[in-house]
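Residue-level structural notes
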Amino acid sequence: MESMQAAVVEELGAPLSVKDTPIPEPGPGEALVRLVTSGVCHTDVHAAHGDWPVKPTPPFIPGHEGVGEVVAVGEGVTNIKVGDMVGNAWLWSACGVCEYCRTGWETLCEQQQNGGYSVNGSFGQYMLVNAAYAALIPPGADPVEIAPILCAGVTVYKGLKVSEVRPGQWIAISGIGGLGHVAVQYARAMGMRVAAIDVTEDKLALAREYGAEVTVNALEEDPADALQEKIGGAHGVLVTAVHRSAFGQAIAMARRGGTIVFNGLPPGDFPAPIFDIVLKGLTIRGSIVGTRQDMVEAIDFYDRGLIHPKVATRELGEINAVMDELLAGQVDGRVVLQY
Ligand SMILES: [Zn+2]
Ligand SMILES: [Zn+2]
């Protein structure tokens, strides 16, 4: 049996082992993909550490922003063929028949499989995809730049959609990191006016470069007061921040009737002001990745040249260092592994 190099979680919380593992064989409905790149997401760190209530089972290979070429297809696969470029995603597959799947909410399917979590992901030279759920990568796309679209891109794009902010209205984007810097670009491409909130000046400068009209440094002024004063509050607020404090703060950034969408996923709770939520008619909703159709749309925005994630490339052997840097908040934009 042929083998490949992959980064394997052998024990939750331990460093990943970069080692030889067998190249998997595609079963019915699956395709084997030779990877070219894979983005590294904060969720991969949570997976390797077993941070969430439903834990993955070692040994497993993380990674859900993988881009590569189809080299073999299993029985019954008709929608992709050898030579196509495809990607994996967090939504690796869903059941297709439950109420959520039937109503266009496959991201909420209780039978879903998750790339790099319940099935092996893209931190290796090869991976399997479920052909019906794989993302199709358009010809000519830069495999480094498009990798972050597969999780960060589709996640913020969907979050912006469910904020219900219309063209010409204000969206406040809290946190200009791996997700947030892509969110500013999507929001502008969708015709929204952007207010960006962060605690570091260079991230705010980046947001201005991408078209944010208002920026607020939350260390220097109260972001809710600042937004109420400068724009009368935002019609929608997208929270991509990795700190809990940003979540309570976000509610006060909205104008009356506004919607606050949570994309970031720090552990814990926050106090929510009942009086404000009721009297101002606010909506607070969570949003997790996106459906296959959201993915098609998110990739189309990229393909039209409207989205350029900030990326830095590294090698598979550096994966543990990359994860440490993510944990320490030292990653600007997105790290993409190149094979
Ligand atoms: Zn992710
Ligand atoms: Zn389902």
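Residues numbered from 1 in each chain as written. Chains lettered and ligands numbered in written order. Predicted model: local features only at pLDDT ≥ 70, side-chain atom pairs only at ≥ 80, totals over all residues. Heavy atoms only, no water.

1. Examining the coordination of the zinc ion (ligand 2)
The zinc ion (ligand 2) binds to the protein through Cys95 (SG), Cys98 (SG), Cys101 (SG) and Cys109 (SG); the donor distances cover 2.3 to 2.4 Å. Mapped onto the sequence, the donors of the zinc ion (ligand 2) take the spacing C-x2-C-x2-C-x7-C. Cys95 sits in the partly exposed class, given a relative accessible area of 29%. (Donors = N, O, S within 2.8 Å, 3.2 Å for Na, K, Ca; no water. Buried < 20%, exposed > 50% of the residue type's maximum accessible area, 1.4 Å probe, protein only.)

2. Thoughts on the domain arrangement of the protein chain
On domain assignment, one finds that the protein chain holds domain 1 (3–151 + 290–338) and domain 2 (153–286). Its C-alpha centre places domain 1 at a distance of 27 Å from the equivalent point of domain 2. Taken together, the contacts link 21 residues of domain 1 with 18 residues of domain 2. With both chains or domains summed, domain 1 and domain 2 bury close to 1,800 Å², and 59% of this area falls on carbon and sulfur atoms. Between Glu297 and Lys161 there is a salt bridge; the shortest N-O distance is 2.8 Å. Inspection of the region where domain 1 meets domain 2 yields 13 residue pairs in polar contact (both at pLDDT 80 or more). For the side of domain 1 that touches domain 2, the leading source of residues is helix 10 (residues 292–303), giving 5 residues. (Domains from an automatic or database assignment. Contact = heavy atoms within 4.5 Å. Buried area = accessible area lost by both parts, 1.4 Å probe. Salt bridge = Lys/Arg side-chain N within 4 Å of Asp/Glu carboxyl O. Polar contact = N/O pair within 3.5 Å; in protein donor to acceptor, adjacent residues only side chain to side chain. Helix = DSSP H or I, 4+ residues; strand = E, 2+ residues; numbered from the N terminus.)

3. Considerations on the coordination of the zinc ion (ligand 1)
Within the first shell, the zinc ion (ligand 1) binds the protein through Cys41 (SG), His64 (NE2) and Cys151 (SG), at distances of 2.0 to 2.2 Å. Spacing between the donor residues of the zinc ion (ligand 1) along the chain follows C-x22-H-x86-C. Within this pair, whereas Cys41 is found in the loop between strand 3 (30–40) and helix 1 (42–49), its partner Cys151 is found in the loop between helix 3 (143–146) and helix 4 (152–162), the two being separated by 110 residues in sequence. Across this residue pair, the class does not change: Cys41 and Cys151 are buried.

4. Some details on helix 11 (residues 319–327)
An α-helix turns once every 3.6 residues. As a result, residues three or four positions apart point the same way. Those residues of helix 11 lying buried are Ile319, Val322, Met323 and Leu326. Buried residues of helix 11 fall within an arc of 100 degrees about the axis and therefore sit on the same side. Tucked inside the fold, the buried residues of helix 11 contact strand 1 (3–8), strand 2 (17–22), strand 3, helix 1, strand 16 (311–314) and strand 17 (334–338). Count one or two residues on from helix 11 and you reach Gly329, which has phi positive near 70 degrees. (Arc of directions from axis to C-beta.)

5. So, the UniProt feature "domain: Enoyl reductase (ER)" (unreviewed entry) in the protein chain
In this numbering, the UniProt entry assigns the feature "domain: Enoyl reductase (ER)" (unreviewed entry) to residues 13–337. The span residues 13–337 is 27% helix and 25% strand, and its two end C-alpha atoms sit 21 Å from each other. (UniProt positions renumbered as here; feature names shortened; annotations may be inferred.)

6. Concerning unusual backbone geometry
In this structure, Pro59 follows Pro58 across a cis peptide bond, with omega equal to -5 degrees. Tracing the chain through its elements places Pro59 in the loop between helix 1 and strand 4 (66–73). Phi at Glu164 is positive, roughly 60 degrees, even though this residue is not glycine. Mapped onto the elements of the fold, Glu164 is located in the loop between helix 4 and strand 10 (170–174). For Glu164, a relative accessible area of 52% corresponds to the exposed category. Located in the positive-phi region is Val289, a residue other than glycine, with phi close to 30 degrees.

7. Section: a nonpolar patch on the surface
A contiguous nonpolar patch, built from Tyr100, Trp105, Leu108 and Ile288 and spanning about 350 Å² of accessible area, is present on the exposed surface. Structurally, the position occupied by Tyr100 is in helix 2 (residues 99–102). Its relative accessible area of 34% is what places Tyr100 among the partly exposed residues. (Patch = residues over 30% accessible without salt bridge, like charges linked within 9 Å, V, L, I, M, F, W, Y side chains within 5 Å. Areas by Shrake-Rupley, 256 points an atom, 1.4 Å probe, with all protein chains shown as cover.)

8. Here we look at a negative patch on the surface
A cluster of like negative charges, contributed by Glu201, Asp202, Glu220 and Asp332, occupies part of the molecular surface. Of note, Asp202 is situated in helix 6 (residues 201–209). Residue Asp202 is classed as exposed on the basis of its relative accessible area of 53%. (Lys, Arg positive; Asp, Glu negative; His and termini not counted. Charge placed at Lys NZ, Arg CZ, Asp CG, Glu CD.)

9. Some thoughts on the nonpolar core
What tends to happen in soluble globular proteins is that the nonpolar side chains get buried as a cluster. In this structure, Ile171, Ile173 and Tyr186 are the most contacted members of the largest nonpolar core, which totals 44 residues. Looking at this core, the elements with two or more residues in it are helix 3, helix 4, strand 10, helix 5 (180–189), strand 11 (193–198), helix 6 and helix 10. It is helix 4 that contributes the most residues to this core, 6 residues altogether. No fewer than three residues from each of domain 1 (3–151 + 290–338) and domain 2 (153–286) sit in this core. Other than its neighbours up to four places away in sequence, Ile171 contacts Leu160, Ser163, Val165, Ala187, Met192, Arg193, Val194, Ala195, Ala234, Gly236, Val237 and Leu238. Of all hydrophobic cores here, the second largest spans 33 residues; its members include Met4, Ala6, Val45 and Trp52. (Core = buried A, V, L, I, M, F, W, Y, C linked by side-chain atoms within 4.5 Å.)

10. With respect to helix 7 (residues 223–231)
All of the buried residues in helix 7 are Pro223, Ala224, Ala226, Leu227 and Ile231. Looking straight down helix 7, one finds its buried side chains confined to an arc of 160 degrees; they lie on one side. Facing away from the buried side of helix 7 by over 90 degrees, the exposed positions are Asp225 and Glu229. In the core, the buried residues of helix 7 are packed alongside strand 10, strand 11, strand 12 (214–217), strand 13 (234–239), helix 8 (245–251) and strand 14 (254–262). Where helix 7 begins, the side chain of Asp222 points an oxygen toward the backbone nitrogen of Ala224, at a separation of 3.2 Å. Immediately downstream of helix 7, the backbone of Gly232 shows phi near 75 degrees, a positive value.

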